[in-house]
Amino acid sequence: MSTTTTQSTEKYVQSTALHRENTGERMIHQSLLVRRITVGLSLAVVGAIHILDLPGKFSETPYLAVAYIGIILVAAVLVERVLVVGSRIDFLAAATLSAAVIIGFIVNRTVGMPMATGDIGNWLEPLGLLSLAVEGFVIWQALVAVALHRSRR
């Protein structure tokens, strides 16, 4: 009888451990799905913000208009990648794009860009603030997703 009890206990312990493992993996998977959606949508907003600001850039500083078009295109590609594939590299690319845009914003507001010094000190422009908030959110969510990918291993 003790052998039967011991075997039953071992099966129960194994079953419980497997259930915990499956539950943990499922939670990570669900959390990654949420991150894929939030990063994808946020990147779409980054692209939309730059589309809204694009017309003025053509007349002011054409090279910044080209940079904006680059940001918009890269954001669009990354939306597709993050939502369809969602690999660590995709999330790192999303965080890198957002960090580069934030750095560009800071440079533009502190020392200015060549032939574009009119925005120096203009920290409170609404579209710029929205852009900073969304890009910061992308970085946060993308880095969480990278960490979740790492914990899956």
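Remember, it's a predicted structure, so these values are computed and weren't measured experimentally.

Scoring rules and cut-offs
- Residues numbered from 1 in each chain as written.
- Predicted model: local features only at pLDDT ≥ 70, side-chain atom pairs only at ≥ 80, totals over all residues.
- Heavy atoms only, no water.
- Helix = DSSP H or I, 4+ residues; strand = E, 2+ residues; numbered from the N terminus.
- Buried < 20%, exposed > 50% of the residue type's maximum accessible area, 1.4 Å probe, protein only.
- Contact = heavy atoms within 4.5 Å.
- Core = buried A, V, L, I, M, F, W, Y, C linked by side-chain atoms within 4.5 Å.
- Salt bridge = Lys/Arg side-chain N within 4 Å of Asp/Glu carboxyl O.

(A) Representation of the overall build of the chain. Along the chain, the regular secondary structure elements total four helices and zero strands. When the 153 residues of the chain are sorted by exposure, 33% land in the buried category. Of all intrachain contacts in the chain linking residues separated by at least 6 positions in sequence, the fraction that spans at least 24 positions is 69%.

(B) Representation of the nonpolar core in the model. The biggest cluster of nonpolar side chains holds 22 residues, and the ones touching the most others in it are L32, V39, L43, F91 and L97. Setting aside chain neighbours within four positions, we find F91 in contact with L32, R35, R36, V39, V82, G86, A142, A145, V146 and H149.

(C) Structural view of the pattern of salt bridges. Tallied over the entire structure, the rule returns four salt bridges. R81 serves as the salt-bridge partner of D90, at 2.9 Å between the closest nitrogen and oxygen. What makes D90 buried here is its relative accessible area of 4%. The residue E125 makes a salt bridge to R109 at a minimum N-O spacing of 2.9 Å. A residue pair is termed long-range when its members are at least 10 positions apart, and E125 in the loop between α3 (88-110) and α4 (126-152) and R109 in helix α3 qualify at 16 residues. A cluster of three or more residues bridged by salt bridges with shared partners is formed by R109, D119 and E125.

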